[in-house]
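The lines below spell out each chain.
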Amino acid sequence: MIRWSLPLTLALGGALLGAQCQSKPVTPPSATGGAGGAAPMPGGAAPVPACGALVTLAKAARVRPARAPGPQRVVGGQPSLPGAWPAAVALETPDGWQFCGGTLVGPRCVLTAAHCDVRPGELAVVGREDLRVPGGRVPVTEVRTHELYGGAEGGHDVALAVLATPVDLAPMQLVDASWAAPGVLATVVGWGLTSEGGQGSPVLREAQIPVLADSVCRAAFPEFTPTMMCAGWAAGGVDTCQGDSGGGLFVRVDGQWQQAGVTSWGWGCARPDTPGYYSRVAALRAWIEACSAGCA
Ligand code: ARG
């Protein structure tokens, strides 16, 4: 299966959380030189590493899987009802390849996974359960990646894609920073593979999986970090899968859906005793909020 272990070293030691959020400089992959990312900008302006300066390297390093030699996208779920998840967004390349998901968290702001390596010019598909329906494509103009991201298995696997134009759909609320709810049944959504090594779905799918205790997540993955959470059934059979990354894990809080996780990685899909790992929104909320200035 695909484990996104990009051996990126973090160039930015400093904790930039909550620091002024600047855009990732748009540099061609060939210009990314090293993870320091201190290459001068064309106009001579120094790149300010705040909402993610180094991850252009990840883009270059990442090979987009030829539609999943791993398990399927949402596995074991069912098609979502029309209009059920207005904030769910598909991310496509200009030639129409759906490679990741995301969630609208502001009119021009899509929360996704850093490892998706979204680039300006790629498209957010909004207001569509069925990706075969034309329209609803809004270009991404800018991507802000978490400064501490260095590969999904290291945590901090979040990015914000800024859209060219605002979208008139209800954005998803985020769980509070204090949220933790092992045992809660969460809903994951996406257009990803429907079985390990299988095919993507043109129609949005969803599935229910329990959020697991950190101790369980750590037992399966000792390098588990506080910016991760994990979810899944011990028996397997239900999971997110390739192509679902970046999409949301949603929970109901006080009768309202909120986003608690961002689909990040796993070993294969839907295997028994093999949870899926998600970026923990509660732990990353401050960054998400600070970095959504101007697009939220
Ligand atoms: N990394 C995958 C992607 O890019 C998501 C994998 C989630 N896997 C899992 N077994 N839950 O789409």
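Residues numbered from 1 in each chain as written. Predicted model: local features only at pLDDT ≥ 70, side-chain atom pairs only at ≥ 80, totals over all residues.

**Some remarks on the overall build of the chain**
Within the chain, the secondary structure is distributed over three helices and 14 strands. In the chain, which comprises 296 residues, the proportion classed as buried is 51%. (Helix = DSSP H or I, 4+ residues; strand = E, 2+ residues; numbered from the N terminus. Buried ≥ 20, exposed ≤ 12 C-beta atoms within 10 Å, placed from the backbone.)

**Some details on the nonpolar core**
If you look at the biggest cluster of nonpolar residues, it comprises 71 residues, and the most contacted ones within it are Ala124 and Ala161. Broken down by element, this core gets its largest block of residues, six residues, from helix α3 (residues 281–291). Shared between two domains, this core holds at least three residues of each, these being domain 1 (86–171 + 284–291) and domain 2 (174–282). Setting aside chain neighbours within four positions, we find alanine 161 in contact with Gly102, Val110, Thr112, Val118, Ala124, Val140 and Val143. (Core = buried A, V, L, I, M, F, W, Y, C linked by C-beta atoms within 7 Å. Domains from an automatic or database assignment. Contact = placed C-beta atoms within 7 Å.)

**Focus on the sheet that holds strand β2 (residues 88–92)**
Here six strands make up a closed barrel; going around it, the order is β2-β3-β4-β7-β6-β5 and the pairing antiparallel. Going from strand to strand, the sheet's axes swing by 45° on average, the running direction of each strand aside. One ladder, built from four bridges, connects strand β4 (residues 109–112) with strand β7 (residues 159–163); its direction is antiparallel. For threonine 112, the partnering residue across the bridge sits in β7 and is alanine 159. (Pairing = 2+ DSSP bridges. Axes fitted to C-alpha atoms, helices over the stretch in contact; angles between N-to-C directions.)

**Topic: the site of the ligand**
In the vicinity of the ligand there are 14 residues, among which Thr240, Ser245, Gly266, Cys269 and Gly276 approach most closely. Taken together, the residues of the shell around the ligand break down into four nonpolar, eight polar and two charged. (Near = placed C-beta within 6 Å. Nonpolar A, V, L, I, M, F, W, Y, C, P; charged D, E, K, R; others polar.)

**Quick word on the environment of glutamate 206**
Locating glutamate 206 in the fold gives a position in strand β10 (residues 205–210). For glutamate 206, a count of 20 C-beta atoms within 10 Å translates into the label buried. Between the C-alpha atom of glutamate 206 and that of glycine 76, which follows or precedes it by 130 residues, the distance is 8.6 Å. Ignoring sequence-local partners within four residues, the contact set of glutamate 206 consists of Val74, Gly77, Gln78, Ser80, Thr187, Val188 and Val189.

**Comments concerning the pairing of strand β9 (residues 185–190)**
Pairing between β9 and β10: six bridges, direction antiparallel. Each bridged residue has a counterpart across the sheet, and for valine 189 the counterpart in β10 is glutamate 206. As paired elements, β9 and strand β12 (residues 248–253) share two bridges and run antiparallel to each other. Bridged to threonine 187 within β12 is phenylalanine 250.

**Examining the pairing of β10**
Here strand β1 (residues 78–79) pairs with β10 via two bridges, running antiparallel. When the sheet's bridge partners are listed, glutamine 78 is paired in β10 with glutamate 206.

**Observations concerning the confidence of the model for the chain**
If pLDDT is low for a region, its predicted coordinates should not be looked at in detail. Averaged over every residue, the pLDDT of the chain is 81; the share at 70 or more is 75%. Considering only residues more than four positions removed or in separate chains, one finds that residues 1–49, a stretch of pLDDT under 50, has 97 contacts. (pLDDT = per-residue confidence, 0-100.)

**Side note on unusual backbone geometry**
Look at aspartate 254: it is not a glycine, yet its phi comes out positive at around 50°. Along the chain, aspartate 254 turns up in the loop between β12 and β13 (256–265). For aspartate 254, a count of 5 C-beta atoms within 10 Å corresponds to the exposed category. Even without glycine at this site, alanine 270 takes up a positive phi of about 65°.

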